[in-house]
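Below are the chains, spelled out letter by letter.
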Amino acid sequence: RDSLAPAQVDPVGCAVIAGDWYSTYDNITTSDPTDTTIDHVVALAEAWDSGAHSWTNERRVDFANDLADTRSLRVATVSVNSSKGAADPSNWIPPHPPAVCGYLADWVSIKARWSLTMDQSEHGRIRNLLTDQCPNQTIAAWPTTPAPQPPDPNPQPSVCDPSYPTVCIPPPPPDLDC
């Protein structure tokens, strides 16, 4: 999705072998897929600490794989993503100064879209950076999130392997000859 040119896939179709990816965080373009990774702008651990711990597994999967809003997942070089880790903006901002305002706007939109909280340190740093460096920054509207679903109080017993009568273990998938 994020390659600047059509990505090349090996003949078997199992791995991307080339493309052109731009990491806004550090202003680097690379054609080597091993130099890039996909960053969760709001890291999964940060989301957990900000409210995702109370979500259903399905909602957490929706957050982790959010392709409906292009701000959620971002190409980053491996090195800059490693330096970011699970940090929030109180502890990490992009090293490329022109990327800071967009990163902060994306952070705020993702937190708002998913109804995640901000702690005092995170909120203060974002407010200060937006006020000092990004006074005209706007945040574009975001798509709606999938509605949270309560856990099913009556799970379907048909999805449980009958070999284990005291616990629900899904049956194994059929063997596939890959």
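Residues numbered from 1 in each chain as written. Predicted model: local features only at pLDDT ≥ 70, side-chain atom pairs only at ≥ 80, totals over all residues. Heavy atoms only, no water.

## Focus on the nonpolar core
One finds Tyr-25, Val-42, Phe-63, Tyr-103 and Leu-116 to be the most contacted residues of the largest nonpolar core, which totals 20 residues. Of all the secondary-structure elements, those providing two or more residues to this core are helix 4 (100–113) and helix 5 (120–133). Here this core gets 5 residues from one element, more than from any other, and that element is helix 4. With sequence-adjacent residues up to four places away left out, Leu-116 is seen in contact with Val-42, Ala-47, Ser-50, Gly-51, Ala-52, Trp-55, Phe-63 and Lys-111. (Core = buried A, V, L, I, M, F, W, Y, C linked by side-chain atoms within 4.5 Å. Buried < 20%, exposed > 50% of the residue type's maximum accessible area, 1.4 Å probe, protein only. Helix = DSSP H or I, 4+ residues; strand = E, 2+ residues; numbered from the N terminus. Contact = heavy atoms within 4.5 Å.)

## A word on the state of the cysteines
Note on terminology: disulfide describes a covalent bond linking the sulfur atoms of two cysteines. If you walk through the whole model with that rule in mind, you get 1 disulfide. Paired through a disulfide, Cys-101 and Cys-134 show a sulfur-sulfur distance of 1.9 Å. Its S-S torsion of approximately -85° makes the covalent link between Cys-101 and Cys-134 left-handed. Taken together, the residues span a long stretch of sequence, with Cys-101 in helix 4 and Cys-134 in the segment after helix 5 at a distance of 33 residues. The burial state of Cys-101 is the same as that of Cys-134; both residues are buried. (Disulfide = S-S within 2.5 Å.)

## Thoughts on the side chain of Asp-69
As for its placement among the helices and strands, Asp-69 is situated in the loop between helix 2 (57–64) and strand 6 (73–77). Taking the relative accessible area as the measure of exposure, Asp-69 reaches 4% and is therefore buried. Asp-69 has contacts with Arg-113, Trp-142 and Pro-143, leaving out every residue within four places of it along the chain.

## Concerning the environment of Gly-124
By the element assignment, Gly-124 lies in helix 5. Through-space distance from the C-alpha of Gly-124 to that of Pro-89 is 9.5 Å; in sequence the pair is 35 residues apart.

## Quick word on the packing of aromatic side chains
Counting across every chain of the model gives 7 aromatic pairs. Taking 5.6 Å as the distance between ring centres and 90° as the angle between the ring planes, the aromatic pair formed by Tyr-25 and Tyr-103 counts as edge-to-face. On the criterion of sequence distance, the pair formed by Tyr-25 in the loop between strand 3 (21–23) and strand 4 (28–30) and Tyr-103 in helix 4 is long-range, its members being 78 residues apart. These aromatic residues form a ring-pair network of at least three members: Tyr-25, Trp-92, Tyr-103 and Trp-107. (Phe/Tyr/Trp six-rings, centres within 6.5 Å; stacked < 30°, edge-to-face > 60°.)

## Points about the pattern of salt bridges
Applying the stated rule across the entire model yields 7 salt bridges. Here Lys-111 ties to Glu-46 by a salt bridge, and the two come within 2.7 Å at their closest N and O atoms. Here Glu-46 lies in helix 1 (residues 44–49) and Lys-111 lies in helix 4, a separation of 65 residues in the sequence. Both residues of the pair, Lys-111 and Glu-46, belong to the buried class. (Salt bridge = Lys/Arg side-chain N within 4 Å of Asp/Glu carboxyl O.)

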